[in-house]
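Observations on chain architecture
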Amino acid sequence: METNKEQEPIGRLYDIQGFSVQDGPGIRTTAFLKGCPLRCPWCHSPESQLYKKQLSWMSMRCLGVDACNSRCIKACTKNAIELGQTRENIQDGSEIQMIHVKRDLCDDCGDCAEKCYAEALYLCGKDYTASELTERLLQDKNFYDTSGGGVTISGGEPLTQIDFVECVLKKLKEHDIHTALDTTGFAKWDVVARTMPYTDLYLYDLKHMDSKKHEAVVKVPNEPILENVQKLAENGKKLQIRIPVIPLFNHDEENIRKTAEFCTKLGDAVTMIQLLPYHNLGVMKYLRISDEPVAEATPPSDAYMEKLKDIMSGYGLHVTIH
Ligand code: SF4
Ligand code: SF4
């Protein structure tokens, strides 16, 4: 656990989003933490997976080396930035010479980002003490109060920073803020249990009911995930179950039926099932932090999503398509 000199936990975030209406009831502010033990190939926030701060580059913001006198190239003492592709300047049709980051030489020191006034280069990942984050989240309290909203702690997997998360949740409850935890559920039970006194709602992901298939694709088995959600239900916690619908992985009717059967056994704890159709909006984000090619799939059709919704609704569950 990282702490500052007053022994307060320090957490690492990659984003804070206000006015969120998709991460629990009402208007919410969502804090996104870095670090996750899963490796979902469809992850729409690839910058969330690693805990370390990562150099990111947004090509559309890059002014080109001529406009900025190659500031980033000059700043990098590891020779990790070279000339890259060109793109057209939409204002006058001229060519803009952009850069390319050699990821094998880059150590994410951030020196180039400090020199990039266009903020095309930036370090993804910012550290907060629990008090600093709480103070930021409390700035939006009026919106929570007037809309029945609150704060959602998300990731990445927030349970990987449990000391920080527990402390922030506790502070929020001291201010009577509604709290939600968006989690994969992949953690030891005693870690999950520490969040229970301060968490009103769990947004809980279920990806596949077959552990071997689960592990083959997201690199961890599903047993701890299923056991933890059962224990949360037994302890009277409220659950919104989130199911990403991923073609060629978990979108088949058999898996959807098994997931529905499992959810019915969780009883009244489950307030809603949210089906999240795969989309490929995250693909561009991978290119900000990596040169690795990303597998893309065809999103499921609206008609197919409706069919899956009907199947799950048939089990008496309240199902929405997110
Ligand atoms: S990344 Fe920034 S500093 Fe580097 S060429 Fe583009 S605008 Fe200039
Ligand atoms: S983060 Fe550091 S090592 Fe990487 S490209 Fe920038 S200056 Fe070079």
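Residues numbered from 1 in each chain as written. Chains lettered and ligands numbered in written order. Predicted model: local features only at pLDDT ≥ 70, side-chain atom pairs only at ≥ 80, totals over all residues. Heavy atoms only, no water.

What about the nonpolar core?
The test is simple: What is meant by a nonpolar core is a set of buried Ala, Val, Leu, Ile, Met, Phe, Trp, Tyr and Cys residues, joined one to another through side-chain atoms within 4.5 Å. For the exposure calls, accessible area comes from a 1.4 Å probe over protein chains only, and a residue counts as buried if that area is under 20% of its type's maximum, exposed if over 50%, partly exposed in between. The contact criterion used is simple: two residues touch if any of their non-hydrogen atoms lie within 4.5 Å.
Among the nonpolar cores identified, the biggest contains 54 residues, and Leu-133, Ile-153, Leu-239, Ile-241, Ile-273 and Met-312 are the most heavily contacted of them. Apart from residues lying up to four places away in sequence, Leu-239 is in contact with Leu-201, Tyr-202, Tyr-204, Val-229, Leu-232, Ala-233, Leu-266, Ala-269, Val-270, Thr-271 and Met-272. Grouped together as the second largest cluster of nonpolar side chains are 18 residues, Trp-57, Cys-72, Val-101 and Cys-106 included.

Quick look at the domain arrangement of the protein
Here is the rule we go by: Where each domain starts and ends follows an automatic or database-derived domain assignment. By convention, the term buried area covers the 1.4 Å-probe accessible surface removed from two parts as they join, with the contributions of both added. We count a salt bridge whenever a side-chain nitrogen from Lys or Arg sits within 4 Å of a carboxyl oxygen from Asp or Glu. N or O atoms within 3.5 Å of each other form a polar contact, as long as, within protein, one can give a hydrogen and the other can take it, and as long as residues adjacent in sequence are counted only when both atoms are side-chain atoms.
By the assigned domains, the protein splits into domain 1 (10-52 + 126-321) and domain 2 (55-122). The C-alpha-based centres of domain 1 and domain 2 are spaced at 34 Å. Between domain 1 and domain 2, the residue contacts involve five residues of the former and nine residues of the latter. Between domain 1 and domain 2, a total of about 540 Å² is buried, with carbon and sulfur atoms accounting for 38% of that surface. Considering only the surface of domain 1 that becomes buried against domain 2, Arg-288, Ile-289 and Asp-291 emerge as the three largest contributors, covering 81% of it. Across the domain 1-domain 2 interface, the total number found is one salt bridge. Among the ionic pairs, Asp-108 bridges to Lys-52, the shortest N-O distance being 3.0 Å. Run the count over domain 1 and domain 2 and you get four residue pairs in polar contact (both at pLDDT 80 or more).

Focus: the site of ligand 1
Selection criterion: By convention in this text, a residue qualifies as near a molecule or strand provided that one of its non-hydrogen atoms is within 4 Å of it. The distinction between a cavity and a pocket rests on a 1 Å grid over the protein atoms alone: a 1.4 Å probe fits inside a cavity but cannot get out, while a pocket stays open yet meets protein on both sides within 12 Å along at least five of seven lines, and a residue with an atom within 4 Å of a point counts as lining. Assignment to a cavity or pocket requires that more than half of a molecule's atoms be within 2 Å of the site's grid points.
Taken together, the neighbourhood of ligand 1 is formed by Trp-57, Cys-62, Leu-63, Gly-64, Val-65, Cys-68, Cys-72, Ile-99, Cys-116, Ala-118, Ala-120 and Leu-121. Taken atom by atom, the bulk of ligand 1 overlaps the largest cavity.

A word on the pattern of salt bridges
So the rule is basically this: Going along the chain from the N terminus, every DSSP run of H or I of four or more residues is numbered as a helix, and every run of E of two or more is numbered as a strand.
Tallied over the full model, the rule gives 16 salt bridges. When the shortest N-O distance is used, the salt bridge between Asp-140 and Arg-136 registers 3.1 Å. A relative accessible area of 13% means that Asp-140 is categorised as buried. The salt bridge partner of Arg-194 is Asp-163, with a shortest N-O separation of 2.7 Å. With Arg-194 in helix 7 (residues 189-195) and Asp-163 in helix 6 (residues 162-174), this residue pair connects regions lying 31 residues apart in the sequence. For Asp-163, a relative accessible area of 25% translates into the label partly exposed. In the salt-bridge network here, residues are joined through shared partners; they are Arg-12, Lys-53 and Asp-127.

Structural notes on helix 12 (residues 302-313)
What counts, and what does not: To estimate the expected span of a helix, subtract one from its residue number and multiply by 1.5 Å. As used here, the arc belongs to the directions running from the helix axis to the C-beta atoms.
Under the 1.5 Å per step criterion, the end-to-end length of helix 12 is 16 Å for 12 residues, consistent within 8% with the ideal 16 Å. All buried positions along helix 12 are accounted for by Met-305, Leu-308, Ile-311 and Met-312. All buried residues of helix 12 lie within an arc of 120 degrees about the axis, which places them on one face of the element. Facing away from the buried surface of helix 12 by more than 90 degrees, the exposed residues are Asp-302, Ala-303 and Asp-310. Next to the buried residues of helix 12 lie strand 11 (238-245), helix 10 (253-265), strand 12 (270-277) and strand 13 (319-321).

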